[in-house]
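# Notes for the structure review
Here's the letter readout for the chains.
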Amino acid sequence: MRTLISQSQLEAGVRDLAAQLNQQYADRPLTVLGVLTGSVVLLADLIRQLEMPLRVGVLQARSYRGAATTAGELVVNLELMPAVEGCDVLLLDDIFDTGRTLDELVRRVRACGATSVRSMVLLNKVGRCEVDYQPDYSAFDIPNEFVVGYGLDYQDHYRNLPFVAALDPEEIAAESL
Ligand code: 5GP
Ligand code: MG
Ligand code: MG
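Description of the structure in this document. (Residues numbered from 1 in each chain as written. Chains lettered and ligands numbered in written order. Predicted model: local features only at pLDDT ≥ 70, side-chain atom pairs only at ≥ 80, totals over all residues.)

## Structural notes on the sheet that holds strand β8 (residues 147-148)
How we decide: For two strands to be treated as a pair, DSSP must find no fewer than two bridges joining them. Labels follow the DSSP assignment, with helices taken as runs of H or I lasting at least four residues and strands as runs of E lasting at least two, numbered in each case from the N terminus.
If you walk across this open sheet you meet the three strands as β1-β9-β8, and the pairing is antiparallel. Because the sheet does not close on itself, it has two edges, and the strands there are β1 (2-5) and β8. Relative to strand β9 (residues 164-166), β8 is paired through two bridges, and the arrangement is antiparallel. Paired with V147 across the bridge in β9 is A166.

This is the structure in structure tokens:
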């Protein structure tokens, strides 16, 4: 496991994301929707630095199946999501890879009647995008490697690491989680 982004770099990155939102949405009510499960650490750290009237909710999207580190079919569950009709919404996810997840989620939340839907990710995997959509805010560009930590998992492990690390293919093959 190789550290790509240290704890102090993450703290600075999240502070910067919060500052952008505090400026963009100053005094405007905002609904932040965290995409389960990868966004939970970022969600907790980010919302405590936001100053506008804030609602927080979650929704679920899964595209990684079992042991696979490549994307499978996208499954979206909006049952946990609060009503967003007439609301300014920020979708929050851990990482933008092919973009298929956020592209679909933005569409789905708009269809629920949100006034505006923007998106924010911690990490942007450069050169992987397969859709005509880009996140509105991202903190770090990373190369095309499989990463874990700060919410990101490998088979639901490693979400608790306070840094972001690359898991090498040999390590993934050797894992018996
Ligand atoms: P996309 O739809 O943009 O291809 O993928 C987004 C989702 O795939 C993320 O929310 C995340 O759950 C998962 N994902 C993509 N790349 C990685 C990665 O390097 N590590 C982990 N742990 N998850 C990833
Ligand atoms: Mg995810
Ligand atoms: Mg995952």
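## Structural notes on the pairing of strand β2 (residues 30-36)
Threshold: We call a residue exposed when 12 or fewer other C-beta atoms sit within 10 Å of its C-beta, buried when the count reaches 20 or more, and partly exposed for counts in between; the C-beta positions come from the backbone.
Counting buried residues along β2, six of its seven residues qualify, which places the element largely inside the surrounding structure. Relative to strand β5 (residues 88-96), β2 runs parallel, the two being bridged by four bridges. Pairing of G34 across the sheet is with L92, part of β5.

## Focus: the pairing of strand β6 (residues 116-125)
Counted only if it meets this: Here a crossover is taken to be right-handed if, once the strands point away from the viewer, the path from the first strand over the helix to the second is traced clockwise.
With respect to burial, β6 is a largely interior element, seven of its 10 residues being buried. Direction of pairing for β5 relative to β6: parallel, over a ladder of eight bridges. Within β6, the position partnered with L92 by the bridge is M120. For the handedness criterion, the β-α-β arrangement of β5, helix α3 (residues 100-111) and β6 is classed as right-handed.

Bear in mind that shape data such as this cannot, by itself, settle questions of function.
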